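Understanding the architecture of this molecule
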Amino acid sequence: MTYRYLLTRSDGPIEHLTLNRPDVRNAFNADVIAELTSWAADVGARAGAVRAVVIAGAGKVFCAGADAAWLEQSARYSQDDNVRDATATSQMFRAIDELPMPVIGRVHGAAIGGGIGLAAVCDVVVAAEDAVFGFTEVKLGIIPAVISQFVLPKIGPSAARELFVTGARFPAARAYKIDLVHAVVPEADLDTTIGRYVTEILASGPEAIAAAKKLIRDVWASRAGEVTALTAQALASRRVSAEGQEGLRAFLEKRKPRWSA
Ligand code: COA
C-alpha cells in the first residue's frame, strides 16, 4: 500500500511506520487519520508475518498531535460532523491499540497532545532523553478527550489531573516516572534499545503475545467478580494450544521453540 503521509518499510518480520508530515511536525488531520486507520488494518491482517511494529516520526519530532489548522476549521462544521471526526480519531487509536503484535513507539524531539495518544497506544515506548511531552490541549482551549481513554490507564488519574489541567510541558524523565515511556536513552541509542526489545519479542510465541495483549485489555475492562473466570479461560486455552504445547515442550527438551528467530 502507498500513503501520502506515512512511510512504511518491512525489515524481515518487523514493520516500520514513520509519520511523514515533518513541515508541521507530523501533526495529524483527517487524511493522516484515515491513512493510519487503513495501515493498522493492513498490518493487523499480516499478523504472523509481521511480529512487531515500530512507530516513529520523520524530521525533528515524533508527533505534535492534532493539526491545529484542521481543528480550527471545526467551527465551520456541524456538531454531527465534528462528532464523526472525533469518532474516526478514536477508531484510529483503537485500531493501533488492538494490533495483535507488539507496537514500539520511537519518540524523539517531542510528543504533544495526540502525539502522546499515539505513544499511549504503543506497548513499549522508548524515548530520547531530550524529548519533550505535554498535554497542551487546555492551552488551546480544548481538552485531551479522545486520547484520555488510552492515556489514563497508563498514567493514572493523579498525574493526568496535574498534567491535563496545567497543559505544562514535561521532560522524558517525568514521562518515564508516570509510566508513559519505558526506556529513556540518548537519541543516538534509540534504535539499539528498540533492537533489544525486538530480540525479546522474536524469542516469544506470537500467538501468546497476541493473547497477552488481549488479556490486559479484557482484565482492565472487567469487573472484579468476572476476572477469575476470564483469566482461567484465557490460560486454559493457551496451555493446550499448539504454540503453548510447543513452548512448554521446547523448554523441557532444552531447545529453542520453533518461532524463535
Ligand atoms: N498543528 C499544526 N501545525 C503545527 C503543529 C500542530 N499541532 N505543531 C507544529 N506545527 C507547525 C508550526 O505552526 C510551524 O509551522 P510554520 O513553519 O508554518 O511556522 C511548524 O509546524 C514548525 O513548528 P515549530 O514550533 O517551529 O517547531 P519546533 O521543532 O520548534 O517545535 C513542537 C516542535 C512540536 C515542540 C512545537 O511545534 C509545538 O509545541 N507544537 C504545538 C503542539 C500542540 O500544541 N499540539 C496540541 C494540538 S491539540
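In short, a report on the structure. (Residues numbered from 1 in each chain as written. Predicted model: local features only at pLDDT ≥ 70, side-chain atom pairs only at ≥ 80, totals over all residues. Heavy atoms only, no water.)

**Considerations on the site of the ligand**
- As a structural note, the neighbourhood of the ligand is formed by 17 residues, with Arg-25, Ala-64, Ala-66, Ala-68 and Arg-169 the closest of them.
- Within the backbone of Ala-64, an N or O atom sits 2.9 Å from a nitrogen atom of the ligand.
- Thr-136 places a side-chain nitrogen or oxygen 3.0 Å from an oxygen atom of the ligand.
- When the ligand sits alone it has 860 Å² of accessible area, and the protein chains cover 59% of it.
- Here the shell around the ligand is built from residues that sort into 11 nonpolar, one polar and five charged. (Near = heavy atom within 4 Å. Polar contact = N/O pair within 3.5 Å; in protein donor to acceptor, adjacent residues only side chain to side chain. Areas by Shrake-Rupley, 256 points an atom, 1.4 Å probe, with all protein chains shown as cover. Nonpolar A, V, L, I, M, F, W, Y, C, P; charged D, E, K, R; others polar.)

**Topic: the sheet that holds strand β5 (residues 110–112)**
- Spatial ordering of the open sheet is given by β5-β7-β8, a layout of three strands whose pairing is mixed. Taken across any chain shown, the strands that pair with only one partner, and hence form the sheet edges, are β5 and β8 (169–171). Adjacent strand axes in the sheet meet at a mean angle of 20 degrees when their direction is disregarded.
- Strand direction decides the pairing type here: strand β7 (residues 132–134) and β8, joined by three bridges, are antiparallel. Looking across to β8, one finds that Gly-134 is bridged to Arg-169. (Pairing = 2+ DSSP bridges. Helix = DSSP H or I, 4+ residues; strand = E, 2+ residues; numbered from the N terminus. Axes fitted to C-alpha atoms, helices over the stretch in contact; angles between N-to-C directions.)

**Considering the sheet that holds strand β3 (residues 52–57)**
- Ordered by their spatial adjacency, six strands build an open sheet running β1-β2-β3-β4-β6-β9, and the pairing between neighbours is mixed. Edge strands, defined here as strands with exactly one partner in the open sheet, are β1 (6–11) and β9 (183–185). Taken pair by pair, the neighbouring strands of this sheet meet at an average axis angle of 20 degrees, ignoring direction.
- Here three bridges tie strand β6 (residues 124–128) to β9, and the two strands are oriented parallel to one another. Looking at β9, one finds that Val-126 is bridged to Ala-183.
- The strands touched by helix α1 (residues 30–45) are β1, β2 (14–19) and β3; relative to β2, the strand with the most contacts, the crossing angle is about 180 degrees. (Contact = heavy atoms within 4.5 Å.)

**Overview of a negative patch on the surface**
- Negative charge collects at one region of the surface, where Glu-129, Asp-130, Glu-187 and Asp-189 lie side by side.
- Mapped onto the secondary structure, Glu-187 falls in the loop between β9 and α7 (190–202).
- The exposure class assigned to Glu-187 is partly exposed, which follows from its relative accessible area of 36%. (Patch = residues over 30% accessible without salt bridge, like charges linked within 9 Å, V, L, I, M, F, W, Y side chains within 5 Å. Salt bridge = Lys/Arg side-chain N within 4 Å of Asp/Glu carboxyl O. Lys, Arg positive; Asp, Glu negative; His and termini not counted. Charge placed at Lys NZ, Arg CZ, Asp CG, Glu CD. Buried < 20%, exposed > 50% of the residue type's maximum accessible area, 1.4 Å probe, protein only.)

**Remarks on the packing of α1 against helix α3 (residues 79–97)**
- Orientation of α1 relative to α3, taken along the N-to-C sense of each, is 30 degrees, at an axis distance of 9 Å. If you check the angle between α1 and α3, you find them roughly parallel. In the packing of α1 onto α3, the handedness of the crossing is left-handed. Contacts between α1 and α3 involve Ile-33, Leu-36, Thr-37, Trp-39 and Ala-40 from the first element and Ala-88, Thr-89, Met-92, Ala-95 and Ile-96 from the second.
- Across the contact of α1 with α3, the residue classes tally to eight nonpolar, two polar and no charged. (Parallel < 35°, antiparallel > 145°, perpendicular 65-115°, else oblique. Left-handed = near helix turned anticlockwise from the far one by under 90°.)

**Notes on the packing of aromatic side chains**
- A full pass over the atoms with the stated rule returns five aromatic pairs.
- Taking 5.9 Å as the distance between ring centres and 45 degrees as the angle between the ring planes, the aromatic pair formed by Phe-93 and Phe-150 counts as tilted. Of this pair, Phe-93 sits in helix α3 while Phe-150 is found in helix α5 (residues 145–166), placing the two residues 57 residues apart along the sequence.
- Residue Phe-150 is classed as buried on the basis of its relative accessible area, which comes to 5%.
- Cluster of aromatic residues (ring-pair linked, three or more members): Phe-133, Phe-135, Phe-164 and Phe-170.
- Against the face of Tyr-5 rests Arg-21, its NZ or CZ located 5.3 Å from the ring centre. (Phe/Tyr/Trp six-rings, centres within 6.5 Å; stacked < 30°, edge-to-face > 60°. Lys NZ or Arg CZ within 6 Å of the ring centre and 35° of its normal.)

**Some thoughts on the side chain of Arg-51**
- Checked against the element boundaries, Arg-51 lands in the loop between α1 and β3.
- Here Arg-51 occupies a buried position and makes no salt bridge, while the nearest side chain of opposite charge, Glu-243, is found at 7.2 Å.
- Looking at Arg-51, its side chain comes within polar contact range of the main-chain oxygen of Leu-202, at 2.9 Å.
- Excluding residues that lie within four positions of it along the chain, Arg-51 makes contacts with Pro-13, Met-101, Pro-102, Ile-201, Leu-202, Ser-204, Pro-206 and Trp-259.

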